[in-house]
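Observations on chain architecture
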Amino acid sequence: MMISQKMADAINEQIKNEFYSGWLYLAMAFKADEMSLKVFAEWFRQQEAEERAHAMKMCDYLSDQGAEVALSALDQPTFDGSSIGAMIDETVKHEIFITDCISKLVDVAKSENDNATFNFLQWYVEEQVEEVASVTELADLVKLAGPNQLLMLENRMKETIAQRASEPSA
Ligand code: OFO
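First things first, this report covers the structure right here in the doc. As the structure is a computational prediction, the values presented were derived from the model and not from experiment.

1. A closer look at the overall build of the protein
Regarding its fold elements, the protein presents five helices and zero strands. Overall, the protein shows an N-to-C arrangement of helices and strands of α-α-α-α-α. Relative to the compact-globule value of 15 Å for 170 residues, the protein shows a C-alpha radius of gyration of 17 Å, a close match. Each principal axis of the C-alpha atoms in the protein carries an extent, and together these give about 55 × 30 × 25 Å. For the protein, restricting intrachain contacts to residue pairs at least 6 apart in sequence, the fraction spanning at least 24 positions comes to 81%. Working note: accessible area of the protein is about 9100 Å², and carbon and sulfur atoms make up 53% of it. Here the protein contributes 14 positive and 30 negative side-chain charges, whose respective centroids are spaced 4 Å apart.

Shown next as structure tokens:
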């Protein structure tokens, strides 16, 4: 194995967080479906696919470094699903949490003098800046729209969804 056990354990922990993120967004997608907000549901499904790609990219990295990929059980997703606004706010909170996790992972790479992992993680550092910015913007738009303009907001989101679908996620 080309990386330390401590580094491999920390990455495995983050793999779980990334898969959990997907699990959470999938649960939110079904909740949005229940609310007949089909475009929000599609947006959450896209989020889920991205999270799975984030996790898989880490799995492949561990594998390339000759370390064990140790998958573990995922917790049941818990979130406030009382409205679409509440779910988007939860998404912002969750992405800030994930940003913090990535930052801690970078700290481990630094303390282990692991340049390869440090470099590998820079992609995630940048990705988190983008994720937090885009979900925060969506949270603001949901507040601006209020409950009566959600369908109009969904129309606007269709473009973003189509654009994201045409981009490679990882
Ligand atoms: Fe993996 O970026 Fe969101 O959680």
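Now, onward.
2. Some thoughts on the packing of helix α3 (residues 84-111) against helix α4 (residues 115-145)
For any two helices packed against each other, the geometry comes down to the angle between their axes and how far apart the axes lie. The contact between α3 and α4 brings their axes to 9 Å, and the two run at 165°. Taken together, the axes of α3 and α4 lie roughly antiparallel to each other. Here α3 runs over α4; the crossing is left-handed. Across the contact of α3 with α4, the residue classes tally to 18 nonpolar, seven polar and five charged.

3. A word on unusual backbone geometry
Even without being a glycine, Ser36 presents a positive backbone phi close to 65°. For Ser36, the position within the fold is in the loop between α1 (5-34) and α2 (38-64). In this structure, Asn113 is a non-glycine residue whose phi angle is positive, near 50°. Mapping Asn113 onto the fold places it in the loop between α3 and α4.

4. Some remarks on the pattern of salt bridges
Scanning the entire structure with this criterion turns up eight salt bridges. Its salt-bridge partner being Asp33, residue Lys38 comes within 3.1 Å of it at the nearest N-O pair. Exposure remark for Lys38: the relative accessible area of 52% places this residue in the exposed category. For Asp33, a relative accessible area of 23% translates into the label partly exposed. Asp100 is the partner of Lys104 in a salt bridge, and the nearest nitrogen-oxygen pair spans 2.8 Å. Here Lys104 and its partner Asp100 are both found in helix α3, four residues apart, which amounts to about one turn of the helix.

5. Section: helix α5 (residues 150-165)
Taking 1.5 Å per residue as the helical rise, α5 with its 16 residues ought to reach 22 Å, and the 22 Å between its terminal C-alpha atoms agrees with that figure. The sharpest bend along α5 comes to roughly 30°, located at Arg156. Turning to α5, its buried residues are Leu150, Leu153, Glu154, Met157, Ile161 and Arg164. Buried residues along α5 sit against α2, α3 and α4.

Conventions we followed
- Residues numbered from 1 in each chain as written.
- Predicted model: local features only at pLDDT ≥ 70, side-chain atom pairs only at ≥ 80, totals over all residues.
- Heavy atoms only, no water.
- Helix = DSSP H or I, 4+ residues; strand = E, 2+ residues; numbered from the N terminus.
- Rg over C-alpha atoms; globule rule 2.2 N^0.38 Å.
- Contact = heavy atoms within 4.5 Å.
- Areas by Shrake-Rupley, 256 points an atom, 1.4 Å probe, with all protein chains shown as cover.
- Lys, Arg positive; Asp, Glu negative; His and termini not counted.
- Charge placed at Lys NZ, Arg CZ, Asp CG, Glu CD.
- Axes fitted to C-alpha atoms, helices over the stretch in contact; angles between N-to-C directions.
- Parallel < 35°, antiparallel > 145°, perpendicular 65-115°, else oblique.
- Left-handed = near helix turned anticlockwise from the far one by under 90°.
- Nonpolar A, V, L, I, M, F, W, Y, C, P; charged D, E, K, R; others polar.
- Salt bridge = Lys/Arg side-chain N within 4 Å of Asp/Glu carboxyl O.
- Buried < 20%, exposed > 50% of the residue type's maximum accessible area, 1.4 Å probe, protein only.
- Expected span 1.5 Å × (residues − 1).
- Bend = angle between axes of the 7 residues up to and from the residue.

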